[in-house]
Amino acid sequence: MNLILKKDHLKHLLNAWRQDYEVYAPQSLQNFTHFLPLQDGFELAFDKAHNTRIPPKALFLPTSEALLKFTRFGGYEEVPSETAPRLIFGIHPCDAHAMTMLDTVFEQERYTDPLWKARREATVVVGLGCDEPCKTGFCTTVGSGPFNHAGLDAILTDLGEIFLVEILTDKGEYLFTQLETASEDQSMQASEVQQAAKASMPIAFETEGLKQKLDQNFASPYWEEVSRSCLGCGVCTFLCPTCFCFDIVDEAQRGERVRNWDTCMFRTYSLEASGHNPRPSRVERTRQRLSHKYSYWLDQINQIGCTGCGRCVRYCPVGLDIRAMLRKAHQLPSEVLHA
Amino acid sequence: MPNEGRSPYLPIPMHVLHAYYESTDNSLKTLELSFDDPQDAREFFAAFNPGQFCLLSVIGKGESALGVASAAWEGDFVRFTAQKLGSVTTALHALKPGDPIGMRGPLGNGFPLEEWKGKNLVIIGGGCAFSTLYALTKHLHHPSNRGDYGKLTVIYGTRTSGLCMYKQDIAAWHQRDDMEVHQAIDVPEQDWLHHVGYVPDVVKEVRPSPVNSVAVVCGPPIMTKFTLPALVELGFPPETIFTSLEKRMKCGIGKCGRCNLGPKYICKDGPVFSLAELNALPADL
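Residues numbered from 1 in each chain as written. Chains lettered and ligands numbered in written order. Predicted model: local features only at pLDDT ≥ 70, side-chain atom pairs only at ≥ 80, totals over all residues.

Colleague: Honestly, the overall build of chain B in this entry has me stumped. Any pointers?
Modeller: Across its full length, chain B holds nine helices and 15 strands. Computed over its C-alpha atoms, the radius of gyration of chain B comes to 18 Å, within 12% of the 19 Å expected for a compact globule of 285 residues. Over its C-alpha atoms, taken along the principal directions, chain B stretches across nearly 50 × 45 × 35 Å. Expressed as a percentage of the 285 residues in chain B, the buried residues total 48%. If you take every contact in chain B between residues at least 6 apart in sequence, the share linking residues at least 24 apart comes to 69%. (Helix = DSSP H or I, 4+ residues; strand = E, 2+ residues; numbered from the N terminus. Rg over C-alpha atoms; globule rule 2.2 N^0.38 Å. Buried ≥ 20, exposed ≤ 12 C-beta atoms within 10 Å, placed from the backbone. Contact = placed C-beta atoms within 7 Å.)

Colleague: Please explain the nonpolar core as it appears in this structure.
Modeller: A general tendency of soluble globular proteins is for nonpolar side chains to be buried together. Among the nonpolar cores identified, the biggest contains 156 residues, and Val126 of chain A together with Cys54, Ile124, Ala215 and Val216 of chain B are the most heavily contacted of them. Those residues within four positions of Val126 of chain A in sequence are excluded, and the remaining contacts are Leu87, Ile88, Phe89, Asp153, Ala154, Leu156 and Leu175 of chain A. (Core = buried A, V, L, I, M, F, W, Y, C linked by C-beta atoms within 7 Å.)

Colleague: So what exactly am I meant to see when it comes to the domain arrangement of chain B here?
Modeller: The parts lose accessible area when they come together, and the size of an interface is often stated as this lost area. Residue and element names in this part refer to chain B. Assigned domains within chain B: domain 1 (12-107) and domain 2 (120-244). Computed over C-alpha atoms only, the centres of domain 1 and domain 2 are separated by 24 Å. Counting residues at the interface gives 16 residues for domain 1 and 13 residues for domain 2. Looking at the side of domain 1 that touches domain 2 residue by residue, the class counts come to six nonpolar, seven polar and three charged. (Domains from an automatic or database assignment. Nonpolar A, V, L, I, M, F, W, Y, C, P; charged D, E, K, R; others polar.)

Colleague: Would you take a moment to explain the interface of chain B and chain A for this structure?
Modeller: Between chain B and chain A, the residue contacts involve 33 residues of the former and 35 residues of the latter. Of all the secondary structure elements, the ones that give two or more residues to the side of chain B that touches chain A are strand 4 (62-67) and strand 6 (100-107) of chain B. Here the residues of the side of chain B that touches chain A sort into 14 nonpolar, 11 polar and eight charged.

Colleague: Is there a simple way to think about helix 5 (residues 184-199) of chain A in this case?
Modeller: Given 3.6 residues per turn, any residue in an α-helix points the same way as the ones three and four places further on. Residues and elements named next belong to chain A. With 16 residues, helix 5 extends 22 Å from end C-alpha to end C-alpha; this agrees with the ideal 22 Å at 1.5 Å per step. Looking only at helix 5, the buried set comprises Ala190, Val193, Gln194 and Ala197. Projected down its long axis, helix 5 carries its buried residues within an arc of 95 degrees, all on one side. Of the exposed residues in helix 5, those oriented more than 90 degrees away from the buried face are Glu184, Asp185, Met188, Glu192, Gln195, Ala196 and Ala199. (Expected span 1.5 Å × (residues − 1). Arc of directions from axis to C-beta.)

Colleague: Just checking my understanding: could you explain the domain arrangement of chain A for this structure?
Modeller: Residues and elements named next belong to chain A. Domain boundaries in chain A define domain 1 (2-199) and domain 2 (210-330). Distance between the C-alpha centres of domain 1 and domain 2: 25 Å. Domain 1 puts 31 residues into the contact, and the matching count from domain 2 is 25 residues. Sorting the residues of the side of domain 1 that touches domain 2 by element identifies strand 4 (64-70) and helix 2 (93-106) as the ones contributing at least two each. Among the elements that line the side of domain 1 that touches domain 2, the one with the most residues is helix 2, at eight residues.

Colleague: Please explain the sheet that holds strand 4 of chain A as it appears in this structure.
Modeller: Each strand in a sheet pairs with another by means of backbone hydrogen bonds, the pair being arranged parallel or else antiparallel. Residue and element names in this part refer to chain A. Spatial strand order, 5-4-12-11: four strands in an open sheet with antiparallel pairing. In this open sheet, the two edge strands, each paired with only one partner strand, are strand 5 (76-78) and strand 11 (246-251). Neighbouring strand axes in the sheet, compared pairwise and without regard to direction, differ in orientation by 30 degrees on average. With six bridges joining them, strand 11 and strand 12 (residues 256-261) adopt antiparallel strand pairing. Directly across from Val249, in strand 12, lies its bridge partner Val258. (Pairing = 2+ DSSP bridges. Axes fitted to C-alpha atoms, helices over the stretch in contact; angles between N-to-C directions.)

Colleague: How do you make sense of the pairing of strand 8 (residues 152-158) of chain B when you look at a structure like this?
Modeller: Consecutive side chains along a regular strand alternate between the two faces of the sheet. All names here are of chain B. The buried fraction of strand 8 is high, at six of seven residues. Two strands pair when backbone bridges link them, and strand 7 (residues 120-126) and strand 8 are joined in this way by six bridges, in the parallel orientation. Note that in strand 8 the partner of Leu121 across the bridge is Leu152. Where strand 8 and strand 9 (residues 180-185) come together, six bridges link them in parallel fashion. In the sheet register, Ile155 faces strand 9, and the bridge partner there is His182. Handedness of the crossover joining strand 8 and strand 9 through helix 5 (residues 167-173) is recorded here as right-handed. (Right-handed = clockwise from strand over helix to strand, strands pointing away.)

Colleague: Mind showing me how you'd approach the pairing of strand 1 (residues 2-6) of chain A here?
Modeller: All names here are of chain A. Residues Leu3 and Leu5 point to one face of strand 1 and are all buried, whereas Asn2, Ile4 and Lys6, pointing to the other face, are not buried. With five bridges joining them, strand 1 and strand 9 (residues 162-167) adopt antiparallel strand pairing. Paired with Ile4 across the strands is Leu164, a residue of strand 9. In the sheet, strand 1 pairs with strand 10 (residues 180-181) via two bridges, with the strands oriented antiparallel. Opposite Leu3, over in strand 10, you have Thr181 as the bridge partner.

Colleague: I would appreciate a short explanation of unusual backbone geometry in the present structure.
Modeller: Trans is the common state for peptide bonds, and a negative phi is the common state for residues other than glycine. Going from Gly105 of chain B to Pro106 of chain B, the amide bond is cis rather than trans, its omega being 0 degrees. Cis peptide bonds are those with omega within 30 degrees of zero, and the linkage from Gly270 of chain B to Pro271 of chain B qualifies with 5 degrees. Its place among the elements puts Pro271 of chain B in the loop between helix 8 (266-269) and strand 15 (272-274). With phi around 50 degrees, Gln30 of chain A is a residue other than glycine that occupies positive phi space. You can see Gln30 of chain A is positioned in the loop between strand 2 (22-29) and strand 3 (32-37). Positioned with a positive phi, Tyr166 of chain B is a non-glycine residue whose angle comes to about 50 degrees. Secondary-structure assignment places Tyr166 of chain B in the loop between strand 8 and helix 5.

If you want it as structure tokens, here you go:
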């Protein structure tokens, strides 16, 4: 069942939700949009053509957070994992989809990450579909899409004066009890907007057989070529919604064991105490980044580990474009003879 | 050990029972740790399998991944041997009996001991990587386990005789009639009665039979690199050659991302892999 949310009613609804949830929505801060908690007098910043700079994974896996607190006399205790109810409003489908992939890492059967899990369970996610998909995005190429439902409790389609609300889960249904039902015409109109958005996105590269190309060309000079202009700054991984690597360090003065986001693009990431480094240069590190997303994730969960959000393309300081890198990868020979 | 309700990042509280140098140059130190809570000990040993590792935790310094060097039957303690290299292992070397320490584990898969039943075992180690092979050998020595396996051959090489670990035990192994021990050092020393040479060459010299056998190799990357082909040459099929891998680790439970070898995480899917498995993975070590 689809519902109608009048745009001039949105602020009222968000404020009503604030009674029960901590509500996060995109707001402007220092030239970029971010998912920030709504305060009195908030101004939303729906930049339809762009995602927030930092993906909302940061609300589930903070850039830095304590895992343990040290107590006196060499002891330590767990950091409690309770989280108050939260609502994220206006998340784009690529970012919500990415979260379902990270669930497979943090909520594995054998080892569940309690901090991640508590936050996921305490959060309702309302998506805003992309009727004007961003130019750097390529979600339709990698099995996601501008109106993909994965990871969302409800999704909105912009129809001018109104949003059409599609309820996707019970959690989502609970949020929108007061709204009127959409007419068949309105639902049809939304469906057309969604189809048009999808159709407007060109296929950025061929994914069929791409994994095999990457696997078979592990030792190819291709990696040297595509990593040549890389500065190793790591922004592509830092702003990636499916990247999840972290470091664990003891902050002795703060009395905490902390996990911080980390990146396979840094030399120290894989540097061993002996001095040996399996990925000593940006060549191996670039190979790891691309292979992880376009080969290893496929082995693990049979999905490409990228939702095409386009942040790595948009924010790379030297203009390295993963789409071009992968188009080039597709030109590689299929079977490389091993020496 | 699954983390039902408990943070997988929370170390088990332990104390140092014994701490002693393992090598004459003091670069290797063995720590035997006891559990503060007997319930933790029961849970640990219910899950433990030789070949697994733990993350030792010095509060304020960090964690370090080390292979378990003891068998469950030895008692309610866990043994590790740490090479002093970084800040955590330096802190580990400073620990004295009675000091508190945290431990997470057992982690990883360990050796596939069920699969190996009825087979001859060829155990090949080099340097301080011999620790988990020591745990394996100790495990096999227990009367209730020994009968499950055939001939036992141990080949253990170190750079010098002083770097050889677990010296007393290994000296005693030479007297046992249920196993064959070959020790090696890289360069000749006075009064050394065993092999001189690198481990791959010693393996070629000893020529263990591949018939109904499995080989387990743990050593520095360079040793492993040359020992695996030597075993293949002797006729060991890749499915019967096993090795234990190492990479930098943080979480130990397949989340922090850093120890991946293709789609596999050494911490979670390993550290023990067969050569057949490794051949299907990228050479990213």
